[in-house]
Amino acid sequence: MAVGAAAQAGEWQDPNDVLQNLLQNNPDSAYLHQSEMNIMMMPDNPALWLVEEGEDLFYAQRGPNNVSLEGCDFGKGPGELDGAYVELPRYFEDTGKVMDFEMRLVHCMKELQGFTSDDAAVGQRHGNGSDIMKLTTYIAHQSSGMAWNPPLDHPEEQAMRDAGEKLFFRRGGAMDFNCASCHGDSGKQIRASVLPEMRNGQEWTKAVSWPAHRAGHDNVRSQNHRIRGCVWQMRHAGIKHDTPVNTALISFWNDAARGEPAILPDLKR
């Protein structure tokens, strides 16, 4: 079955199988083929350890309220995880706003389990040892191989996506860079790293497939972490957690990969 057909059918696929299909479909993509070592390591992706740990956390009764996260609705209904990750950000009636995945997860940990912003379970967002990263990797894994399909039916979903596009192309900071400086055209590189082009869907789906184990960091990272890293590299002002800037950029990112299969979790340089 062609990779696009499988993704559109909503079928779960092993992340290594998704990657191998992308490689076969794009034999001339310097971006997709640039790291032979990472491709070889993909079946033993260290991020898969976090999938197991995240599953335990998801079903554990935790927090001051001593409940699990099975009551959390990521858009498919309480506790329904299949395909939920690739359909975010989205508008949630219970909060009256568009939320990206991390924002929604933190909301549920606070509202259902009773955690506060001062608790390490919520406050520590990055690194293999964080609850957020373990839960993110487990929940995202349930959408591996499925097509990116963030909804745009609600006016605020469309507005958030459009704001993300403006931010993606907005130049600023000490270097007068924008996201498109690196990802607006094909054939660009930073030192030895070939960069993905945003308009090439099959390259872009790998670019936005986070969580991913970063070999250079020896940690699993999220979409939100990648945004903050890019913003720092461009010398723009920093972005705080759970703010619309994160949500808008992720909305535009995921919309640009629409219809392409997600590699969850991925393994990157």
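Residues numbered from 1 in each chain as written. Predicted model: local features only at pLDDT ≥ 70, side-chain atom pairs only at ≥ 80, totals over all residues. Heavy atoms only, no water.

The name recorded for the protein in an unreviewed UniProt entry is L-cysteine S-thiosulfotransferase subunit SoxA, from Thioalkalivibrio versutus. In its Subunit (unreviewed entry) section, the UniProt record describing the protein reads: "Heterodimer of SoxA and SoxX." For the record of the protein, the UniProt heading Subcellular location (unreviewed entry) holds the text "Periplasm". (UniProt positions renumbered as here; feature names shortened; annotations may be inferred.)

Engineer: Could you clarify how one ought to interpret the pattern of salt bridges in this entry?
Structural biologist: For side chains bearing opposite charge, pairing can occur when the charged atoms are close. Within the structure shown, the criterion is met by 16 salt bridges. Residue Arg228 is joined to Glu102 by a salt bridge in which the shortest nitrogen-to-oxygen separation is 3.9 Å. With a gap of 126 residues between them, Arg228 in helix 11 (residues 223-233) and Glu102 in helix 5 (residues 101-111) connect regions that are remote in the sequence. The class for Arg228 is buried, based on a relative accessible area of 17%. The class for Glu102 is buried, based on a relative accessible area of 3%. Asp266 is paired through a salt bridge with Lys206; the nearest N and O atoms lie 2.8 Å apart. (Salt bridge = Lys/Arg side-chain N within 4 Å of Asp/Glu carboxyl O. Helix = DSSP H or I, 4+ residues; strand = E, 2+ residues; numbered from the N terminus. Buried < 20%, exposed > 50% of the residue type's maximum accessible area, 1.4 Å probe, protein only.)

Engineer: Is there a simple way to think about the side chain of Glu203 in this case?
Structural biologist: One can find Glu203 in helix 10 (residues 201-208). For Glu203, which is buried and forms no salt bridge, the nearest opposite charge comes from Arg199, at a distance of 11 Å. (Lys, Arg positive; Asp, Glu negative; His and termini not counted.)

Engineer: Just checking my understanding: could you explain the nonpolar core for this structure?
Structural biologist: As a rule of thumb, soluble globular proteins bury nonpolar side chains together. Of all hydrophobic cores here, the largest spans 58 residues; its most connected members are Phe58, Phe74, Leu105, Met109, Phe168 and Trp204. Where this core is concerned, the elements lending two or more residues are helix 2 (15-25), helix 4 (47-59), helix 5, helix 6 (120-123), helix 7 (131-141), helix 10, helix 11 and helix 12 (244-256). Broken down by element, this core gets its largest block of residues, six residues, from helix 5. With residues up to four places along the chain from it excluded, the contact list for Phe74 reads Phe58, Leu81, Ala84, Leu88, Arg90, Phe92, Phe101, Arg104, Leu105 and Ile139. (Core = buried A, V, L, I, M, F, W, Y, C linked by side-chain atoms within 4.5 Å. Contact = heavy atoms within 4.5 Å.)

Engineer: Before we go on, may I ask you to explain the state of the cysteines in this structure?
Structural biologist: Disulfides are covalent bonds that link the sulfur atoms of two cysteine residues. Applying the stated rule across the entire model yields one disulfide. Free of any disulfide, Cys182 has its nearest cysteine sulfur in Cys230, 7.3 Å distant. (Disulfide = S-S within 2.5 Å.)

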